[in-house]
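What the coordinates show
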Amino acid sequence: MPRLMDNAGDKGVGMESIVSVTGGKVRGTIQDGIGVFLGIPYAAPPVGPARFEAPRPVAEWSGVRDASALGPTCAQAEYPPPVHALFGSDRIPGAEYLNVNVWTPDPGGSGLPVMVWIHGGAFVRGANSKPIYDGAAFARDGIVLVSINYRLGISGFAEIPGAPSNRGLLDQVFALRWVRDNVAAFGGDPDNVTLFGQSAGGLSTGLLAASRTARGLFRRAIIQSGPSIVCAPDDAQLVAGEAAKILGIEPTTTAFGALEADQLPPAQSAVALALMSDPDPRRWGETVIANGLGVLSFFPVVDGELVEGRAVDVLAAHPDRTLPLLTGWTADEFRFFTVPTGVAAGITDANLPPLLSRYGVDPAVAEVYSANRPGRPAAEVFNAIITDKAFRNDTVAAAEINAAAGQPTFVYEFAWPSGIDGIGACHVLELPFVFDTLAVAHKFTGPNPPQRLADEMHAAWVEFAKHGDPGWAPFETGTRSVFTFEGPRSHLVDDPRADELAALRGERG
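Definitions and cut-offs
- Residues numbered from 1 in each chain as written.
- Predicted model: local features only at pLDDT ≥ 70, side-chain atom pairs only at ≥ 80, totals over all residues.
- Heavy atoms only, no water.
- Helix = DSSP H or I, 4+ residues; strand = E, 2+ residues; numbered from the N terminus.
- Rg over C-alpha atoms; globule rule 2.2 N^0.38 Å.
- Contact = heavy atoms within 4.5 Å.
- Areas by Shrake-Rupley, 256 points an atom, 1.4 Å probe, with all protein chains shown as cover.
- Lys, Arg positive; Asp, Glu negative; His and termini not counted.
- Charge placed at Lys NZ, Arg CZ, Asp CG, Glu CD.
- Buried < 20%, exposed > 50% of the residue type's maximum accessible area, 1.4 Å probe, protein only.
- Pairing = 2+ DSSP bridges.
- Salt bridge = Lys/Arg side-chain N within 4 Å of Asp/Glu carboxyl O.
- 1 Å grid on protein atoms, 1.4 Å probe; cavity = no way out; pocket = protein on both sides within 12 Å on 5 of 7 lines; lining within 4 Å.
- Points joined across faces, edges and corners; volume = space filled by probe spheres on them.
- Nonpolar A, V, L, I, M, F, W, Y, C, P; charged D, E, K, R; others polar.
- Domains from an automatic or database assignment.
- Polar contact = N/O pair within 3.5 Å; in protein donor to acceptor, adjacent residues only side chain to side chain.
- Core = buried A, V, L, I, M, F, W, Y, C linked by side-chain atoms within 4.5 Å.
- Axes fitted to C-alpha atoms, helices over the stretch in contact; angles between N-to-C directions.
- Parallel < 35°, antiparallel > 145°, perpendicular 65-115°, else oblique.
- Left-handed = near helix turned anticlockwise from the far one by under 90°.
- Expected span 1.5 Å × (residues − 1).
- Phe/Tyr/Trp six-rings, centres within 6.5 Å; stacked < 30°, edge-to-face > 60°.

What about the overall build of the protein?
Of the regular secondary structure elements, the protein holds 19 helices and 14 strands. On C-alpha atoms alone, the protein measures out to a radius of gyration of 22 Å, which is about the 23 Å that the 2.2 N^0.38 rule sets for 509 residues. Oriented by its inertia axes, the alpha-carbon framework of the protein measures out at about 65 × 55 × 45 Å. Relative to all contacts within the protein whose residues are 6 or more apart in sequence, the contacts with residues 24 or more apart total 74%. Just so you have it, the protein exposes about 18900 Å², and 53% of that area is on carbon and sulfur atoms. Taking the 38 positively charged and 56 negatively charged side chains of the protein as two groups, their mean positions are separated by 2 Å.

Right, dumping it as structure tokens:
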């Protein structure tokens, strides 16, 4: 049973709570009646050669460990300046970055539903410390919210001979086992866990849902903007080899492990830039070019155990692994990658066909999208097509498989456009609405985001975690219903923009 200590005696301000977890005791704080425990290590620090090994249990500590401040993050580079200005970057130095944050409505309670958050960041950036991921609103509404960190970039996903593949995913599984073993100490029910994530975190959530390794660690899944892609290990080794060249080392665990953590992010950035400027599959591997879409360089590989293939393919082959699912995308996902960076300004009617070909899309598809957007510039057509290729198509495919297996399946589209000119309803924009953290997101949303929409979206996530139903009609093969979050009124649409998705898939009526 947690022990409370009141240092101020005023409605929980200054109160502390001590909880026993794997490794020892931790002291959190009580803020507005919510228990907050930050930076709790769930695995040993992955430093030196251990950076390229499977995660290991934490060493026990003596006394009571302070858990009132956010923990370290995996070493990473800042986003490019235009994206950093909108979304910020994440960097807290330290070795113990395999940590979790926990928000709970009642540290002394029991049986509360649990949600576990996996952040995005293209597998090279991101952290559970980002302000928009604050879990207080979920705890306010009766959920124990756990957010996790995991190894990124070279540390987590470089395919190096002798090192286990997908170390970042192994960290995620290790964190889920920590939740199973420890969440009851925070009032949570380890048998009622909903795993959710966005972008790289959504992709991870899909892979873990399909994986036999993670079976039984969560009951439901929420996949936000999570493409269903993987990389061939031989291709991933080519990327690791390019990183080694940049670093001036051999591509071995010994050589990589001898480097300091801060030496890795510049190499990761250099790899990403080289891949974008010279997308030659002979240099990088076919699956890196075809599946990474110029955005991903280090990402999960098929290892035959944790990752057997693309999540949609594995679930189609093993429908017994499906589970209740809430999944969706934002209407203008790809503007996040092209508008702030200035790429969109260079897209014209003349270079649209070769650009689409570079992304593996038949240029003829643009005819359907252009007809639905008369008079709109080529950049808008490009972003709509690649949004559907990278995010919407895989999301709908996952929903089709899940619904066909008889599982409750709910699909959404986030369509409210940001007040920041040009980015629309772009990638990442739904997050402060899901977490009900609009107050810290105005650089991204603009100054007057609709609180009503945050109330609606956040409540849907809470209800799904509690009861498996976000509050709208499920996606079924006949209706293919999608709930559209937007102002002034959200609404349900059956099979939206079906002609565009059919064109992208090469289907002919």
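Focus: the pairing of strand β10 (residues 220-224)
Where a strand is regular, its side chains alternate between the two sheet faces. Within β10, 5 of the 5 residues are buried, which leaves it mostly tucked inside the rest of the structure. Alternating residues of β10 divide into R220, I222 and Q224 and A221 and I223, and every residue in both groups is buried. The pairing of strand β9 (residues 188-198) with β10 spans 5 bridges and is classified as parallel. In the strand pairing of β10, L195 is matched with A221. Judged from the 4 bridges that link them, β10 and strand β11 (residues 325-330) form a sheet pairing that is parallel. The residue of β11 that forms the bridge with I222 is L326.

With respect to the pattern of salt bridges
Taken as a whole and judged by the stated rule, the model has 28 salt bridges. Between D278 and R283 there is a salt bridge, with its nearest N and O atoms 3.1 Å apart. Between R376 and E380 there is a salt bridge whose closest N-O contact spans 2.9 Å. Bridged by salt links that share partners, the residues E400, R480, D495, R505 and E507 form one connected network.

Some details on the pairing of β9
Within β9, 8 of the 11 residues are buried, which leaves the element mostly enclosed by the surrounding structure. By the bridge criterion, 6 bridges tie strand β7 (residues 112-118) to β9 in an arrangement that is parallel. The partner of M115 across the bridge, within β9, is T194.

Focus: empty space enclosed by the protein
A complete count under the given rule lists 5 cavities of 30 Å³ or more for this structure. In this model, the largest cavity occupies a volume close to 160 Å³. Lining the largest cavity are 20 residues, and of these G206, I223, A311, L315 and A398 lie nearest its centre. Elements supplying a minimum of two residues to the lining of the largest cavity: α5 (200-210), β10, α11 (311-317), β11 and α15 (378-404). Here the lining of the largest cavity is composed, by residue class, of 11 nonpolar, 8 polar and 1 charged. Both of domain 1 (16-292) and domain 2 (324-505) provide at least three residues apiece to the lining of the largest cavity.

Notes on the layout of surface pockets
One water molecule sets the probe size; rolling that probe over the atoms shows where empty space is left. What the second largest pocket holds in volume is close to 350 Å³. If you go around the second largest pocket, you meet 24 residues; those closest to its centre are W103, P131, D134, A136 and T437. Elements with a contribution of two residues or more to the lining of the second largest pocket: β4 (34-41), β6 (99-104) and α2 (136-140). Counting residues domain by domain, the lining of the second largest pocket receives three or more from each of domain 1 (16-292) and domain 2 (324-505).

What about the side chain of N128?
By the secondary structure assignment, N128 is in the loop between β7 and α2. Looking at N128, its side chain comes within polar contact range of the main-chain oxygen of S147, at 3.2 Å. Excluding residues within four positions of it along the chain, N128 makes contact with N99, V100, N101, H119, Y133, S147, I148 and N149.

Focus on the nonpolar core
Side chains of a nonpolar character, in soluble globular proteins, are inclined to be buried together. Within the largest apolar cluster, 86 residues are counted, with the highest numbers of intra-cluster contacts made by I40, V146 and F218. Looking at which element gives the most residues to this core, the answer is helix α4 (residues 167-182), with 7 residues. Among all residues touching F218, those that are not within four sequence positions of it are L176, V193, L195, L208, A209 and L323. In terms of nonpolar packing, the next biggest core, distinct from the first, is built from 47 residues, V83, M115, Y412 and M457 among them.

Details of the packing of helix α6 (residues 233-247) against helix α8 (residues 264-277)
The geometry of α6 relative to α8 is characterised by a closest axis approach of 9 Å and an angle of 120° between their N-to-C directions. In terms of orientation, α6 lies oblique with respect to α8. Between α6 and α8 the crossing geometry is right-handed. Facing α6, whose interface residues are V239, E242, A243, I246 and L247, α8 presents L264, A267, A270 and V271. Split by residue class, the contact of α6 with α8 holds 8 nonpolar, no polar and 1 charged.

Description of α8
An ideal rise of 1.5 Å per residue puts 20 Å on 14 residues; α8 measures up with 20 Å between its terminal C-alpha atoms. In this fold, the buried residues of α8 make contact with α3 (153-157), α6, α9 (281-284) and α10 (286-292).

A closer look at the packing of aromatic side chains
Per the counting criterion, the structure on display carries 30 aromatic pairs. With a centroid separation of 4.8 Å and an interplanar angle of 65°, the aromatic rings of F123 and F157 are classed as edge-to-face. Separated by 34 residues along the polypeptide, F123 in the loop between β7 and α2 and F157 in helix α3 bring together distant segments of the chain. Considering the side-chain rings of F334 and Y359, the 6.1 Å spacing of their centres and the 90° angle between planes classify their relative orientation as edge-to-face. Taken together, the residues F334 in the loop between β11 and α12 (335-338) and Y359 in the loop between α13 (352-358) and α14 (365-371) connect sequence positions 25 residues apart. We note that F334, like Y359, is buried.

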